[in-house]
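These are the residues of each chain, in order.
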Amino acid sequence: METSTDGTPAVPGAGEGERPAVRAAAPPSSLSPSRASDFMQCPLLYRFRVIDRLPEKPSEAATRGTLVHAVLERLFDAPAVERTAPRARSLVPGQWDRLRETRPEVVELFADDAEGERLARWLAEAERLVERWFTLEDPTRLEPAERELFVEAELESGLRLRGIIDRVDVAPTGEVRIVDYKTGKAPRPEYAEGALFQMKFYALVVWRLKRVVPRRLQLVYLGSGDVLTYDPVMADLERVERKLLALWEAIRLATETGEWRPRPTKLCGWCDHQAVCPEFGGTPPPYPLQVRSPESADGGQGRMGPDAT
Ligand code: SF4
């Protein structure tokens, strides 16, 4: 799921054109797949989200993703034979009401939609995505062991990894399958490795927690109707652990030196922080944490977390 899961969420709610309000800053203390991806995409974006905690506006696509995830999760409350496409579709309005209650900021998405036409199209698209799931999986034959499972594990280095797994299936033989729903389209084959990073991250956490290497990692793309699977081996998990440790070391150094480089890509088009990004003529807010010189920060090698002792 594409929500923040590291306890340092970006805060939605900035108004159009406003300089976003800054909440209390704190050094990062754990890593989730989303935030790890942020740092790999652009270190400055990571800083804005995790350290400055700048507000971000809700987007139609991300909110629809949250809604569809909620529907798929709730459907498993029903007995297996009743997990049908019409039943799933019928859950959409109620889950949308619930989302508006728990996250009132999403209401602003349709504030200018007086006739309700855009909202109706948006809800219809959510229903289509829910319906497409039935062409990819058969929920009448599934009994998830876990849904929306919050997981957290500490590596030997002290680095804490955390996240939320959409679904965990456990076969009678004990084999574990980790499933994640995506409301977007499947990536082209050359980008599949990036998509699998999140799943290998979860596999590492599950392995650390349960000492079981998941048999299968499964990404279900509702936008394009594709399923991407990968059967990991121990070497994959060791590789992703090494990668995360290197990433965390880079985050530690940036946290202590205050040097967060912008890395412009075409993804900047989706970034909420162009107004405070030097690449777009902006100035970042004052760095809210204590800064050390790069030399003294280097001297801290071996510490795996910015707030580790
Ligand atoms: S606009 Fe681009 S370069 Fe600037 S912070 Fe956002 S992602 Fe990074």
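Placed above this text is the structure.
Being a predicted model, the structure only gives us computed values, none of them experimental.

Here's the deal with helix α3 (residues 60–75)
- Taking 1.5 Å per residue as the helical rise, α3 with its 16 residues ought to reach 22 Å, and the 22 Å between its terminal C-alpha atoms agrees with that figure.
- On its buried face, α3 is in contact with α4 (85–102), α5 (117–136), β4 (160–170) and β5 (176–182).

Side note on the sheet that holds β4
- Ordered in space as β3-β4-β5-β6-β7, the 5 strands form an open sheet in which the pairing is mixed. The sheet terminates laterally at β3 (146–154) and β7 (226–230), the two strands that pair on one side only. The mean inter-strand angle of the sheet, taken between neighbouring strand axes irrespective of direction, is 35°.
- Both β3 and β4 contribute to a ladder of 8 bridges, which runs antiparallel.

Brief notes about the site of the ligand
- The full set close to the ligand counts 14 residues, and C42, P262, C268, C271 and C277 are the nearest of them.
- Of the residues assigned to the shell around the ligand, the class counts are 10 nonpolar, 2 polar and 2 charged.

Here's the deal with the pairing of β5
- Taking burial as the measure, the 7 residues of β5 include 6 buried ones, the bulk of the element.
- Relative to β5, β4 is paired through 4 bridges, and the arrangement is antiparallel. Along β5, the bridge assignment pairs V168 with I178.
- Linking β4 back to β5 in an antiparallel pair, the connection comprises 5 residues, with G174 at a positive phi of about 95°.

The rules behind the values
- Residues numbered from 1 in each chain as written.
- Predicted model: local features only at pLDDT ≥ 70, side-chain atom pairs only at ≥ 80, totals over all residues.
- Helix = DSSP H or I, 4+ residues; strand = E, 2+ residues; numbered from the N terminus.
- Expected span 1.5 Å × (residues − 1).
- Contact = placed C-beta atoms within 7 Å.
- Pairing = 2+ DSSP bridges.
- Axes fitted to C-alpha atoms, helices over the stretch in contact; angles between N-to-C directions.
- Near = placed C-beta within 6 Å.
- Nonpolar A, V, L, I, M, F, W, Y, C, P; charged D, E, K, R; others polar.
- Buried ≥ 20, exposed ≤ 12 C-beta atoms within 10 Å, placed from the backbone.

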